[in-house]
Amino acid sequence: DRAKEKFVILDTNVDQISLASKNGFLALNADVSDMDVLKDLKCESKIKYAVALTNDDALNLSIVLSLKALNPDITVFSRLNNKDAVKKLEIAGAKEEIFPYKVAARAAYKYYRQPVAFSAVDNILLERYDPVVDEIEVLGESKAIGAKIKSIGIKKHNLKVLGVIRRSEDDK
């Protein structure tokens, strides 16, 4: 389970290290462009995933190349600050490039298209309230089969529906 995997945040910005530590993360002040630092962290054998998030594409490229040189099997994601660097990061072996402006544009579009759903997910992710997320299986003999959601007592039971997945008998 990847959610239980341990990770460490490496940064040269002392304020960022302090903030990460205050939020309960293991964070070290280290220069990840230094091969000796990467070797000390056993990147050649102990690290499965890495994310290069500097605002310097050349530095991110150097980090990706260094990590891949130590461990060709490591999965590396990299921030992309200038779209012209995409090809270089791909050639270096970055699994995916994260372009903050594209992410922000997609989020804005999703908000525009579905503001209620976007707001609900945003509130959950930002932990503004503690929702209970659960799955309800609707069995073959249920009155809910073929019924409209509003007619099955959602309001009566103070429930909110975030999604409906329809499964056929073949999916079971």
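Up top is the structure these notes are about.
Asks: So what exactly am I meant to see when it comes to the side chain of Ser78 here?
Replies: Here Ser78 lies in strand β4 (residues 75–79). Apart from residues no more than four positions distant in its own chain, Ser78 is found in contact with Ala52, Asn60, Val64, Leu89, Ala94, Glu96, Glu97 and Ile98.

Asks: Explain the nonpolar core here, please?
Replies: Burial of nonpolar side chains together is a common tendency in soluble globular proteins. Core analysis: the largest hydrophobic core is formed by 16 residues, its most contacted members being Leu38, Val64, Leu67 and Val76. Elements supplying a minimum of two residues to this core: β3 (49–52), α3 (57–70) and α4 (86–92). Here Val76 is in contact with Ala50, Val64, Leu67, Gly93, Ala94, Lys95 and Glu96, once residues within four sequence places are set aside.

Asks: Even after reading the chapter, I still don't get the pairing of β4, so can you show me in this structure?
Replies: Across a regular strand the side chains alternate sides, sitting on one face of the sheet and then on the other. Here β3 pairs with β4 via four bridges, running parallel. In the strand pairing of β4, Tyr49 is matched with Thr75. Note on the crossover from β3 through α3 to β4: the handedness is right-handed. Two elements, β4 and strand β5 (residues 96–98), share three bridges in a ladder whose sense is parallel. Following the sheet pairing, Ser78 is matched in β5 by Glu97. Handedness of the β4-α4-β5 crossover: right-handed.

Rules behind the numbers
Residues numbered from 1 in each chain as written. Predicted model: local features only at pLDDT ≥ 70, side-chain atom pairs only at ≥ 80, totals over all residues. Heavy atoms only, no water. Helix = DSSP H or I, 4+ residues; strand = E, 2+ residues; numbered from the N terminus. Contact = heavy atoms within 4.5 Å. Core = buried A, V, L, I, M, F, W, Y, C linked by side-chain atoms within 4.5 Å. Buried < 20%, exposed > 50% of the residue type's maximum accessible area, 1.4 Å probe, protein only. Pairing = 2+ DSSP bridges. Right-handed = clockwise from strand over helix to strand, strands pointing away.

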